[in-house]
Every structure is written in C-alpha cells, then in structure tokens.
Amino acid sequence: GAYEQQQIDGIEAWEAQPPSAMARTMGFLAAPLAWAAQKMIPEELMEKAIDAALNAAASVSGSDDLLVEAKKLGFEAASTRDLAKAPLHVSDGLAENVTMWAKGLAAAEGAVTGMAGLPGLTADVPALLVLAIRTIRRLGACYGFDTSAEAERSFILQTLRAGAANTMEDKKSAIAGAAEVKAILDGTETAISTREQGAILGREAFAAAVRNLAKQLCINITRRKAAQVIPVVGGGVGAAMNVMFISDVAEAASRLYQKRRLEIQAVDAPAALAKR
C-alpha cells in the first residue's frame, strides 16, 4: 500500500543518511574533555556495562502497556506477538509513543547525573545503556517480535551499533550485521548453512559484537557528553546529549524492525512465521 511504500522510502533514506553531525561537532569542540571522559570509561569497562545493561534491560522491559495503547489505536491484541498482525501504521504509532517516553527518561537521567560533573558520567553511561537497550526491546515488541528471546540479543546489539555509529562505515557494517541475524531469526534466507548460522549467532560472534560496540560507544558517548563533565552546566548538556543519543538509537530500532516486518510479509509469510 501507499503507507508501506512511504515507510520503505523512509527506511532507505535512513540507511543512506550519515550519523549525527551534531555528535561529531560536539566531539571536535570538546576534544580535551572527551579525552578525560574516555579515561574514566575505558573499553573494558564499557564491555562490562553492555553485558550488565543487556541483563538489566531484560528485567525491566515489560510491554503489556503496548496492548492497551494498541487498543486505543484500533487493534485488539492478546499479547505483543499479536502485534505482528497489526497494520503497520498501528505499530508505528506505538513506536512513536515508546520513543517519546524514552526521550523523557533520557533527559531526566542526563540532567541529574550531569549536575555532578565527571563523577556523574560514570553513573550516567550504564543507566543510558540500560535505557537504550530497553527502548530497542520495546520497539521490537511494537512490531510483534519477541525481543525477550535469547537469540534476539544479537539483533539488539546490531541495532544499537547502527544507532550509535560514528561513521558511515560503522553504520553500514551494523545494518549488514542486522540483516544477517534477522535472515536466520525470521527464516527469510534458506541458503544459510548450519555452520554459517553458528558463526553469525554463536558465542564468539556475540562476544566480538560486544567488543566492537564497546569501542564504538567509547568514542560516541564520550564525544557527545564531553561537556557534561563541567559541573552545573553539565546538567543541560547531559539532558540534551542523552536525548540525542536515544533519538538516534530509537530511529535505528524503528527502521530495522519495520524492515524485518515488511520483509517477512514479502516472502512466504506462513512458512517464515512458522519457522520463527
């Protein structure tokens, strides 16, 4: 339909769009502060923060409220899995609500921790990661995907990579990684062998994805939030940069989950859904 085609155009435009220019500008202007921030949050600590955030987000990612919101939009669902059958505009409406909610929490959290200057940054980053992963999980649920499944963690990581990309190369790599994972999860690609599936979804691949994401986030987050280390004014910077980061992550999640939904519908849908 016309609406679906409009969203396909939006997905393609997002895929071709370079990462946030504002984040790069902030990083350039606050380079000395970014160096200090990176010393406070090295890659090893970021890896641990990502692992902890994945576990923490799993325990606070309830999505029953989405069923209530879906009903307001005219679609009755007994569970979030039923949202896979909802018209795309209903799922998109739910996603917009989730994104607005996440931005509000990001602003509040960044304002509070930003007031503490550099020490507050070490508390802000783990909390921001939990919020980002929880937002991705809830956005996936808007489109009918069971984001609580263990296998979905790989797709969540690639989505976070896409939203937190520092360069166009990073973004393209994350989108390609997400495509490989979802082809296996959704059964839309039958030519992938069992060995190839293991290489894409196995423990080693997951650990490598976490390491790559940690490197990416160490640059991305500290650049965005470098000026947050200045006490008092850091509150405003923290709120603004958190909102920007969550906005980028939420857009990536919405577009990638939209694409998954549309591609499942474009193939032999009954067979693909049965395998899923």
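All values reported here derive from a predicted model rather than from experimental measurement.

J.: Any details on the nonpolar core? Residues and values, ideally.
T.: If you look at the biggest cluster of nonpolar residues, it comprises 63 residues, and the most contacted ones within it are Ile50, Leu129, Leu217 and Phe245. Apart from the residues within four sequence positions on either side, Leu129 is in contact with Met46, Ala49, Ile50, Ala53, Leu217 and Ile221.

J.: Can you lay out helix 5 (residues 65–72) for me, pointing to particular residues and giving the numbers?
T.: Among all positions in helix 5, only Leu66, Leu67 and Ala70 are buried. Projected down its long axis, helix 5 shows its buried positions confined to an angular sector of 100°, all on one face. Seen from the open side of helix 5, the exposed residues pointing more than 90 degrees away from its buried face are Lys71 and Lys72.

J.: I'd like to hear about the environment of Leu213, residue by residue, with values.
T.: Within the fold, Leu213 resides in helix 11 (residues 203–225). Note: C-alpha distance between Leu213 and Glu47 (166 residues apart in sequence) is 8.0 Å. Not counting chain neighbours up to four residues away, the residues in contact with Leu213 comprise Ile50, Leu157, Leu160 and Arg161.

J.: Lay out the packing of aromatic side chains in plain terms, naming residues and giving numbers.
T.: Taken as a whole and assessed by the stated rule, the structure comprises two aromatic pairs. Between Phe145 and Tyr257, the ring centres sit 5.6 Å apart and the planes meet at 35°, which makes this aromatic pair tilted. In this pair, Phe145 sits in the loop between helix 7 (118–142) and helix 8 (152–163) while Tyr257 sits in helix 12 (residues 234–266), placing the two residues 112 residues apart along the sequence. As far as the burial class goes, Phe145 and Tyr257 line up, both buried. Ring geometry for Phe155 versus Tyr257: centroids 5.1 Å apart, planes at 55°, classification tilted. Highlighted residues: Phe155 in helix 8 and Tyr257 in helix 12, separated in sequence by 102 residues. Each of the two residues, Phe155 as well as Tyr257, counts as buried. One aromatic cluster is present, built from ring pairs that chain together Phe145, Phe155 and Tyr257. A cation over an aromatic ring shows up here: Arg138 above the ring of Trp101, its NZ or CZ 4.9 Å from the ring centre. Taking the ring centre of Phe155 as reference, the NZ or CZ of Arg260 above it sits at 4.5 Å.

Calculation criteria
Along each chain, residue indices are assigned from 1 in the same order as the chain's sequence is written. At least 70 in pLDDT is required for a residue's local features to be given in this predicted model, at least 80 for side-chain atom pairs to be given and counted, and no such filter applies to totals for whole chains, interfaces and linings, which use all residues. Excluding hydrogens and water, the side-chain figures rest on all heavy atoms present in the structure. Here, the term nonpolar core denotes a set of buried Ala, Val, Leu, Ile, Met, Phe, Trp, Tyr and Cys residues that are joined through side-chain atoms within 4.5 Å. Burial status follows relative accessibility: with a 1.4 Å probe on protein chains alone, a residue under 20% of its type maximum counts as buried, one over 50% as exposed, and anything between as partly exposed. Note on contacts: a residue pair qualifies if any of its non-hydrogen atoms lie within 4.5 Å across the two residues. In this text, helices come from DSSP runs of H or I with a minimum length of four residues, and strands from runs of E with a minimum of two, each type numbered from the N-terminal end. By construction, the arc corresponds to the directions joining the helix axis to the C-beta atoms. Any two rings among Phe, Tyr and Trp, with Trp reduced to its six-membered ring, count as a pair given centres within 6.5 Å; such a pair is stacked if its planes are under 30 degrees apart, edge-to-face if over 60, and tilted if neither. Remark: a charge is flagged as sitting over a ring if the NZ atom of Lys or the CZ atom of Arg is within 6 Å of the ring centre and within 35 degrees of the ring normal.

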